[in-house]
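# Structural description and commentary
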Amino acid sequence: MPKINKEVENIIDTVDIETLNSVIQGNLSNGFTITPKTLRNIGEWALDGKSQFEIAHNLELNENEWNYLIQVCPAILLVMQHCKAYADVVVAGSLFQTAIGGKKIHHKEPMKVRDYLDGKCVGEHYEIVEWDTYSEPNPLLLKYLAEHKLSE
């Protein structure tokens, strides 16, 4: 999955980490603090399709602590929203590419080759053979995309 994009980095840069940490100090377990790396991790987890519950679990926060964190730092929701939207675009693009076909696929496969000397087989060895093919269009997926208006 791709990394977080520039738009999400800009959101992360707008967060006043020092002030945020002073607000949450003592209200979250284990002396939890926010860093820009934490916000990037939240974005990457959202890109991977993780739910809010899974992200909270990764941060070792319970539901109440997670809800408190969201209240004092709504930028977390913005980061997650942008990342999930970006992931949807990537998935839709992949579905579209699969539907229309034409994607280049590179193959490598070992092939047994016989060695001849004076017309007699004296042994054999393997050589790596490489070739390219192109994926076929998937008409059922095209139909699905057309019916569900996923062209956007």
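Below or above, wherever it landed, is the structure these notes cover. (Residues numbered from 1 in each chain as written. Predicted model: local features only at pLDDT ≥ 70, side-chain atom pairs only at ≥ 80, totals over all residues. Heavy atoms only, no water.)

A cluster of nonpolar residues, Phe 96, Ile 100 and Leu 142, forms a patch on the protein surface that exposes about 250 Å² of accessible area. Checked against the element boundaries, Leu 142 lands in helix α7 (residues 139-147). (Patch = residues over 30% accessible without salt bridge, like charges linked within 9 Å, V, L, I, M, F, W, Y side chains within 5 Å. Areas by Shrake-Rupley, 256 points an atom, 1.4 Å probe, with all protein chains shown as cover. Salt bridge = Lys/Arg side-chain N within 4 Å of Asp/Glu carboxyl O. Helix = DSSP H or I, 4+ residues; strand = E, 2+ residues; numbered from the N terminus.)

In this section: helix α6 (residues 75-100). In an α-helix, one turn spans 3.6 residues, which is why side chains three or four residues apart end up on the same side. Relative to the 38 Å expected for 26 residues at 1.5 Å per residue, α6 spans 38 Å between its end C-alpha atoms, a close match to the ideal helical length. Restricting attention to buried positions, one finds in α6 the residues Ala 75, Ile 76, Val 79, Met 80, Cys 83, Ala 87 and Ala 99. Of the surrounding secondary structure, the elements contacted by the buried residues of α6 are α1 (6-14), α3 (36-47), α4 (52-58), α5 (63-72) and α7. Immediately beyond the C-terminal end of α6, within one or two residues, lies Gly 101, with a positive phi of roughly 75°. (Expected span 1.5 Å × (residues − 1). Buried < 20%, exposed > 50% of the residue type's maximum accessible area, 1.4 Å probe, protein only. Contact = heavy atoms within 4.5 Å.)

This part is about the pattern of salt bridges. Across all of its chains, the model carries 5 salt bridges by this definition. Measuring nitrogen to oxygen at the nearest pair gives 3.0 Å for the salt bridge that ties Glu 9 to Arg 40. You can see Glu 9 sitting in helix α1 and its partner Arg 40 sitting in helix α3, a full 31 residues away along the chain. Arg 40 gets classed as partly exposed once you look at its relative accessible area, which sits at 27%. As a salt-bridge pair, Asp 132 and Lys 104 come within 3.5 Å of each other at their nearest N and O atoms.

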